[in-house]
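What the coordinates show
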Amino acid sequence: MTENTDRSRRFADALISEIKAEMGRRDLSSRGLGRLIDKSSQYMSTRLDGGNPRTGERVPLGVGDLAAIADALGLSLTDLVERAERAASAPLAAPVSLAERRANVSGTSEDEPDIPENVLDEWAGRYAAHPDDGEPEDHTP
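Residues numbered from 1 in each chain as written. Predicted model: local features only at pLDDT ≥ 70, side-chain atom pairs only at ≥ 80, totals over all residues. Heavy atoms only, no water.

Re the overall build of the protein chain
To keep it simple, the criterion reads: Segments assigned H or I by DSSP are reported as helices when at least four residues long, segments assigned E as strands when at least two residues long, and all are numbered from the N terminus. Categorising residues by exposure relies on relative accessible area from a 1.4 Å probe, with only protein chains included: less than 20% of the type maximum marks a residue as buried, more than 50% marks it as exposed, and the intermediate range marks it as partly exposed. In this analysis, two residues are considered to be in contact whenever any of their non-hydrogen atoms come within 4.5 Å of each other.
Helix and strand content of the protein chain: seven helices and zero strands. Relative to its full complement of 141 residues, the protein chain shows a buried share of 19%. Looking at the protein chain alone, contacts between residues at least 24 apart form 48% of all its contacts between residues at least 6 apart.

Description of the packing of aromatic side chains
In plain terms, the rule: Pairing of aromatic rings covers Phe, Tyr and Trp, the last counted by its six-membered ring, and requires centre-to-centre distances within 6.5 Å; plane angles under 30 degrees mean stacked, over 60 mean edge-to-face, and any other angle means tilted. Two conditions define a charge sitting above a ring: the NZ of Lys or the CZ of Arg must be within 6 Å of the ring centre, and it must be within 35 degrees of the ring normal.
Applying the stated criterion across every chain, the model contains zero aromatic pairs. The ring of Y43 carries the charged tip of K39 above its face, separated from the ring centre by 4.8 Å. Above the ring of Y43, the side-chain terminus of R47 is found at 3.5 Å from the ring centroid.

Side note on unusual backbone geometry
Phi at D27 is positive, roughly 50 degrees, even though this residue is not glycine. Phi is positive for D38, which is not a glycine, with a value near 60 degrees. D38 gets classed as exposed once you look at its relative accessible area, which sits at 69%.

Laid out in structure tokens, this is it:
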């Protein structure tokens, strides 16, 4: 894919993302947006959602569609396009491996929490094991 084609695709995707984000802020469905601009739900779906049912390709939005959508969302066409341009121009994040994502969420084994001694003592007294089954039991007075 050429650089220009890649940039065009990123811009088109960013434009759809910006429209959908604004729809989300306004709690507006594709069908609802279609009603506001006098288009059918299928028309909106092929442009904003899954694309053409036969080909799977998203149908591009025309300038008239973009102007009507921006107006229905209370935005200027310029504002909508500028938002998409900023999003499309943002640097792409470097890929992160699954192991790195897991480590970021759960921490590594070396990252033992530093729990103060007084808290450990309180937990030991409050959640002492029951003498019959060894399961922790809350002994809070």
